[in-house]
Amino acid sequence: MQITLLGVPSVTRDGERAVLDTRKALALIAHLALSERPRPREALCDLLWPEHDASHARGALRRTLSTVRGAIGDDGVQASSDSVALQRGPDLEIDVECFRRLAAEGASTDDLGAAVAQYSGRFLDGFALRDSVEFDDWQGIQAEVLSRELGSALRRLVAGLVQRGEHEPALAHARRWLELDALHEPAHRELIRLHALTGDRAAALEQYRDCVRTLSRELGVSPLQETAELYEQVNDGSLTPPAQAAQRPPAASGSVPAPLQLPLVGRERELAALAGAHAASRPEGRLAVIEGEAGIGKTRLFEELARRAIADGAVVLAVQCHDDEAGLPYGPVVELLRAALRRTDSTDEAWPAAVAPQRLADAALLLPELAALRPDTPAPLPLDGPGARVRLLEAVAAVVSAACAGRSPGIVFFDDVHGADEATIDAISYLSRRLEGRALLLVVSWRSEAVQPGHRLRRLAVDAARAGTATIVSPVRLTQDEVGALVQAARPGTPEAGLQRRVYLESEGLPLFVAQYLAAQAGGGTPAHDGLPADVQGFLRRQARRPRRGRPSGAGSRCHDRPLVRSGHRPRGERPRRRGARRGAGGVAGAGRRPRGRRIRARLRLLTPEAALAGLRRDEPRAPATAAPPHRGRPVEGRRRRRARRAGRQAPAPCL
Ligand SMILES: Nc1ncnc2c1ncn2[C@@H]1O[C@H](COP(=O)(O)OP(=O)(O)O)[C@@H](O)[C@H]1O
Ligand SMILES: [Mg+2]
């Protein structure tokens, strides 16, 4: 007989799932399964029927025991007049015991791997007794304890794998470790280190940013010194993959799948418009805008443009703006200058010679290393003198245009400018208005709903489009056929119309969701469980939290170089239609029936049960990061609060 309590509970006898008529019967089995010794009948009565008097409770226990016997057999239960126990023996397998055996102190790395694989979900996931606060409390405590044990097993497993040099599998387990508690800084640090050791510096830096964001949002504190130092090491390149990295074995099965690199679909017009803008960027530079909702493929579209342009001999400098760094003036501009500086690493790169020494000196105010590029660089002019700001912006423009000069017009890309600080937006505006005579395509992307109609970047784009010097593309959701093509590409040779339709319906045509569903499938899991990488879960969480203005961008003109940015200004024929109508017969079922926020929240719960419960943390006392307990799953809800909630006084609102 097998008793499964991790994840959705079930009891299997001789390969057949036992039917338990009442919740109390399952609760009793779960409780006995975790009790090493026989439990007094009185204690069981208090636990399961707290509101009954003694004789009614004993009667109810007798009846429940007979239900349990009916399901698991007479020999499954050992009952005396005083106590009750499950009949232990080689025929009884309880997944919690199995997990604990494998994860015991001193367990080998392989056993720890087996233990965490055994842990397939929260303790008694989705199960609750409606009328016993005592049982609820017991269940909450067990879930919490087990979650901590899982955290401990994952920590030791990650350490063991790192010691064996198996960084990729370690990374997957470290992600799961962090998922248990997004505030757990050691897990963040491990992920930063592992990303760096696997050669993914960008992911390591992003992990640090995620750590900063999470700690600041949830606790109002900054990372520990140790974490900040690690970031510095990654940033200055002193933490890099060991030489043998290339010979490492591939990730173990069961690890979190890496996102799939799918072929680009449905973006021919947008790509053609951008490529056209690039080709037309000489002798006068041009502006291009990629706007759309999160996950629609703005970055991907740019990457495709960049790939083609680089093949044509263009130099591309690209930076990402992060909204949590909006307090750092010129942050993305400094990154851009750093990208320019990196180009000088190749010996044939002589762009600094094309920049006036004073400009280089002024730009060095933002990135001091630039001053060393020429021996004749003078001291920068004082920053407080007249026109100092313009000089600084001009210096940035001069350095950037020189650094991306090449056979074909250079490309400068600011991704997600809605997250940029004001000073960076000044620099973008300045450059975009001074593209005359610079063979340069300045590309910016923004999330449509984050850039309001009156925003100066939008006005700037509209003005430039009106003047014929800007191209605006607005990628829209994928059609059913396009999603089908991606499913085909991810699973070649298996024409699965059902799967194609399911992915289409589930993803609602949003490329990000399509990519992640397919990645989860390729990883062997179902997306409904732990197949999603932590960063995507973070993304989804942020998505679900973000207040939305109206409907996400719909279909419409995909590319335009006239000022038609707002859908309300689009010509009649190009106006977004209702989403159901837009996709014809294969329209998104249910789209429009439920608000999108709710749909995402519902999907989130499906994807990450832990994530859905994260909101409960809001009610916990805020502690400094260092004082936080090492692992927290769902906090155990206090009895009083639980009663209050039942009485409908105050429902704790998950923030997802
Ligand atoms: N047209 C497309 N065809 C195939 N995959 C796409 C497409 N657009 C985006 N993707 C994939 O979807 C995911 C999200 O895209 P991304 O460019 O990051 O979105 P955004 O920048 O708009 O938030 C990425 O994995 C990307 O490769
Ligand atoms: Mg992007």
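Residues numbered from 1 in each chain as written. Chains lettered and ligands numbered in written order. Predicted model: local features only at pLDDT ≥ 70, side-chain atom pairs only at ≥ 80, totals over all residues. Heavy atoms only, no water.

Asker: What is the right way to read the overall build of the protein from this model?
Answerer: Scanning the protein from terminus to terminus reveals 25 helices and 13 strands. Every one of the 656 residues in the protein was classed for burial, and the buried ones make up 52%. A fraction of 71% describes how many contacts in the protein between residues 6 or more apart in sequence connect residues 24 or more apart. (Helix = DSSP H or I, 4+ residues; strand = E, 2+ residues; numbered from the N terminus. Buried < 20%, exposed > 50% of the residue type's maximum accessible area, 1.4 Å probe, protein only. Contact = heavy atoms within 4.5 Å.)

Asker: Please clarify how the packing of aromatic side chains should be interpreted in this entry.
Answerer: Geometry of an aromatic ring pair is reported as the spacing of the ring centres plus the angle between the planes. Following the criterion strictly, the structure yields six aromatic pairs and no others. Measuring from ring centre to ring centre gives 5.8 Å for Phe-123 and Trp-138, while their planes differ by 75°; the resulting arrangement is edge-to-face. Of the two residues, Phe-123 is situated in the loop between helix 5 (109–118) and helix 6 (133–163) and Trp-138 in helix 6; the sequence distance between them amounts to 15 residues. An aromatic cluster is present here, built from Phe-123, Phe-127, Phe-135 and Trp-138 joined pairwise through their rings. Positioned above the aromatic ring of Tyr-430, the side-chain terminus of Arg-434 is 3.8 Å from the ring centre. (Phe/Tyr/Trp six-rings, centres within 6.5 Å; stacked < 30°, edge-to-face > 60°. Lys NZ or Arg CZ within 6 Å of the ring centre and 35° of its normal.)

Asker: Where do I start with the site of ligand 1 in this structure?
Answerer: Near ligand 1 lie 17 residues; those nearest to it are Val-265, Gly-295, Lys-298, Thr-299 and Arg-300. Within the backbone of Pro-263, a nitrogen or oxygen atom sits 3.5 Å from a nitrogen atom of ligand 1. A distance of 2.9 Å separates an oxygen atom of ligand 1 from a polar backbone atom of Gly-297. Protein chains shield 86% of the accessible area of ligand 1, which is 560 Å² for the free molecule. Elements represented by at least two residues in the shell around ligand 1 include exactly helix 12 (298–311) and helix 20 (511–522). Partitioned by chemical class, the residues of the shell around ligand 1 number nine nonpolar, four polar and four charged. The two domains that each donate at least three residues to the shell around ligand 1 are domain 3 (268–473) and domain 4 (480–569 + 592–622). (Near = heavy atom within 4 Å. Polar contact = N/O pair within 3.5 Å; in protein donor to acceptor, adjacent residues only side chain to side chain. Areas by Shrake-Rupley, 256 points an atom, 1.4 Å probe, with all protein chains shown as cover. Nonpolar A, V, L, I, M, F, W, Y, C, P; charged D, E, K, R; others polar. Domains from an automatic or database assignment.)

Asker: Explain the sheet that holds strand 2 (residues 10–13) here, please?
Answerer: Within a sheet, adjacent strands bond to each other through the backbone by hydrogen bonds, running parallel or antiparallel. Judged by pairing direction, the sheet is mixed, and its four strands sit side by side in the order 3-2-1-7 without closing on themselves. If you trace the sheet from one side to the other, it starts and ends with strand 3 (16–17) and strand 7 (93–94), each paired once. With two bridges connecting them, strand 1 (residues 2–4) and strand 7 associate as parallel partners. Bridge assignment links Ile-3 to a residue of strand 7, and that residue is Ile-94. (Pairing = 2+ DSSP bridges.)

Asker: Before we go on, may I ask you to explain helix 12 in this structure?
Answerer: Owing to its 3.6 residues per turn, the α-helix aligns residues three or four sequence positions apart on the same side. The terminal C-alpha atoms of helix 12 lie 20 Å apart, and with 14 residues this matches the ideal 20 Å at 1.5 Å per residue to within 8%. All of the buried residues in helix 12 are Lys-298, Arg-300, Leu-301, Phe-302, Glu-304, Leu-305, Ala-306 and Ala-309. Residues of helix 12 that are buried in the fold lie against helix 11 (268–279), strand 8 (286–292), strand 9 (316–320), strand 10 (410–415), strand 11 (440–447) and strand 12 (470–473). Backbone geometry just downstream of helix 12 places Gly-313 in the positive-phi region, at approximately 95°. (Expected span 1.5 Å × (residues − 1).)

Asker: When you look at unusual backbone geometry in this model, what are you seeing that I'm missing?
Answerer: The bulk of non-glycine residues show a negative phi, and the bulk of peptide bonds are trans. The residue after Arg-282, namely Pro-283, is reached through a cis peptide bond having omega 5°. You can see Pro-283 is positioned in the loop between helix 11 and strand 8. Although it is not a glycine, Asp-14 adopts a positive phi angle of roughly 50°.

Asker: Can you help me understand the pattern of salt bridges in this one?
Answerer: Where charged atoms of side chains with opposite charge meet at close range, the side chains can pair. As enumerated under the stated definition, the model contains 26 salt bridges in all. Arg-164 serves as the salt-bridge partner of Glu-166, at 3.2 Å between the closest nitrogen and oxygen. The salt bridge partner of Glu-218 is Arg-217, with a shortest N-O separation of 3.4 Å. The exposure class assigned to Arg-217 is partly exposed, which follows from its relative accessible area of 41%. Through salt bridges that share partners, Glu-206, Arg-209, Asp-210 and Arg-213 make up one connected network. (Salt bridge = Lys/Arg side-chain N within 4 Å of Asp/Glu carboxyl O.)

Asker: Just checking my understanding: could you explain the environment of Arg-148 for this structure?
Answerer: Note on placement: Arg-148 falls in helix 6. Judged by its relative accessible area of 33%, Arg-148 falls in the partly exposed class. Taking the C-alpha atoms as reference points, Arg-148 and Leu-180, 32 residues apart in sequence, are found 8.5 Å from one another.

Asker: Is there a simple way to think about the nonpolar core in this case?
Answerer: For soluble globular proteins, nonpolar side chains are generally found buried alongside one another. Counting 61 residues, the largest nonpolar core has Leu-5, Phe-123 and Phe-135 as its most contacted members. Here this core gets ten residues from one element, more than from any other, and that element is helix 6. When residues are assigned to domains, this core turns out to be shared by domain 1 (2–102) and domain 2 (133–236), each giving three or more. Setting aside residues up to four positions removed in sequence, Leu-5 forms contacts with Ala-30, Ala-33, Leu-34, Ile-94, Asp-95, Val-96, Arg-122, Phe-123 and Leu-124. Listed in part, the 56 residues of the second largest apolar core include Val-289, Val-355, Phe-414 and Val-444. (Core = buried A, V, L, I, M, F, W, Y, C linked by side-chain atoms within 4.5 Å.)

Asker: I would appreciate a short explanation of the confidence of the model for the protein in the present structure.
Answerer: In regions of low pLDDT, the predicted coordinates are not meant to be interpreted in detail. Overall, the prediction assigns the protein a mean pLDDT of 77, with 75% of residues at 70 or greater. Across residues 243–259, where pLDDT falls below 50, the model places 24 contacts with residues more than four positions away in sequence or in other chains. The low-confidence segment residues 525–656, where pLDDT is below 50, has 246 contacts with residues more than four positions distant or belonging to other chains. (pLDDT = per-residue confidence, 0-100.)

Asker: Explanation requested: the packing of helix 7 (residues 167–180) against helix 8 (residues 185–197) in the structure shown.
Answerer: When two helices pack together, their arrangement is given by the angle between the helix axes and by the axis-to-axis distance. It is the contact of helix 7 with helix 8, at a shortest axis distance of 9 Å, that shows an interaxial angle of 155°. In this view, helix 7 runs roughly antiparallel relative to helix 8, as classed from their interaxial angle. Classified by chirality, the crossing of helix 8 by helix 7 is left-handed. Residues His-167, Ala-170, Leu-171, Ala-174, Arg-175, Trp-177 and Leu-178 of helix 7 form the contact with helix 8, whose participating residues are Pro-186, Ala-187, His-188, Glu-190, Leu-191, Leu-194, His-195 and Leu-197. Along the lines of polarity and charge, the residues of the contact of helix 7 with helix 8 split into ten nonpolar, three polar and two charged. (Axes fitted to C-alpha atoms, helices over the stretch in contact; angles between N-to-C directions. Parallel < 35°, antiparallel > 145°, perpendicular 65-115°, else oblique. Left-handed = near helix turned anticlockwise from the far one by under 90°.)

Asker: How do you make sense of the sheet that holds strand 4 (residues 39–40) when you look at a structure like this?
Answerer: If you trace the three strands from one edge of the open sheet to the other, you get 4-6-5, paired in antiparallel fashion. Across the chains shown, the open sheet's two edge strands, defined by having one partner strand only, are strand 4 and strand 5 (77–79). By the bridge criterion, two bridges tie strand 4 to strand 6 (residues 83–86) in an arrangement that is antiparallel. Within the sheet, the bridge partner assigned to Pro-40 lies in strand 6 and is Ser-83. Along the sheet face, helix 1 (residues 23–33) touches strand 4 and strand 6 and points at about 80° away from the line of strand 6.

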